[in-house]
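Okay, here's what each chain looks like letter by letter:
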Amino acid sequence: MLLTAFGGFMWLIFTAMLVLAVVALVLAAVAREDAYRAADKQNKMFWLIILGITVAVNLWVPMLFVQIAGLVATIVFFVDVRPALRQVSGGGRGRRGGSSSDGPYGPYNGGR
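Residues numbered from 1 in each chain as written. Predicted model: local features only at pLDDT ≥ 70, side-chain atom pairs only at ≥ 80, totals over all residues. Heavy atoms only, no water.

- Per an unreviewed UniProt entry, the recorded name for the protein is DUF2516 family protein, and the organism is Streptomyces lutosisoli.

### Looking at a nonpolar patch on the surface
- Nonpolar side chains collect at one region of the surface, where Phe9, Trp11, Leu12 and Ile13 lie side by side and expose about 440 Å² of accessible area between them.
- Residue placement: leucine 12 occurs in helix α1 (residues 2–30). (Patch = residues over 30% accessible without salt bridge, like charges linked within 9 Å, V, L, I, M, F, W, Y side chains within 5 Å. Areas by Shrake-Rupley, 256 points an atom, 1.4 Å probe, with all protein chains shown as cover. Salt bridge = Lys/Arg side-chain N within 4 Å of Asp/Glu carboxyl O. Helix = DSSP H or I, 4+ residues; strand = E, 2+ residues; numbered from the N terminus.)

### Quick look at the layout of surface pockets
- In this structure, the largest pocket encloses a volume near 170 Å³.
- Lining the largest pocket are Leu27, Val30, Ala31, Arg32, Ala35, Phe77, Arg82, Leu85, Arg86 and Ser89.
- Listing elements by their share of the lining of the largest pocket, those giving two or more residues are α1 and α4 (64–89).
- A class-by-class count of the residues in the lining of the largest pocket yields 6 nonpolar, 1 polar and 3 charged. (1 Å grid on protein atoms, 1.4 Å probe; cavity = no way out; pocket = protein on both sides within 12 Å on 5 of 7 lines; lining within 4 Å. Points joined across faces, edges and corners; volume = space filled by probe spheres on them. Nonpolar A, V, L, I, M, F, W, Y, C, P; charged D, E, K, R; others polar.)

### Brief notes about the nonpolar core
- In terms of nonpolar packing, the biggest core is built from 12 residues, these being Ala24, Ala28, Ala31, Ala35, Tyr36, Ala39, Trp47, Leu51, Phe77, Val81, Ala84 and Leu85.
- Mapped by element, the contributors of at least two residues to this core are α1, α2 (33–38), α3 (44–60) and α4.
- It is α4 that provides the largest number of residues to this core, a total of 4 residues.
- Leave out the neighbours within four places in its chain, and alanine 84 touches Ala39 and Lys41. (Core = buried A, V, L, I, M, F, W, Y, C linked by side-chain atoms within 4.5 Å. Buried < 20%, exposed > 50% of the residue type's maximum accessible area, 1.4 Å probe, protein only. Contact = heavy atoms within 4.5 Å.)

### Here's the deal with α4
- Compared with an ideal rise of 1.5 Å per residue, which puts 26 residues at 38 Å, α4 spans 35 Å between its outermost C-alpha atoms and is within 8% of the ideal.
- Looking only at α4, the buried set comprises Gln67, Gly70, Ala73, Thr74, Phe77, Val81, Ala84 and Leu85.
- Glycine 90 occupies a position one or two residues after α4 and carries a positive phi of about 80 degrees. (Expected span 1.5 Å × (residues − 1).)

Here's what the structure looks like:
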């Protein structure tokens, strides 16, 4: 029973790694090529190749070490490259120059 639970947990971890890699690959593909240059990151083709290899490894190569290396590349994309691309591209979650304390109807004054 314990072995079955461990196998299910590992399947969940591997599936999460695959989903993260696929999402990173899609986000890397839809970003503009000039945004990579403006953000002073590696070019778009580099990230597409790295993340594509990560997806392929997660699907077909059951070697944990290689999958963890792909996970590191995916995390680097999400933590370093994607925020830089969003900043250069002017991407934001609907913000139009407001402060961090702004709510949906204007600034939050703390009940004053």
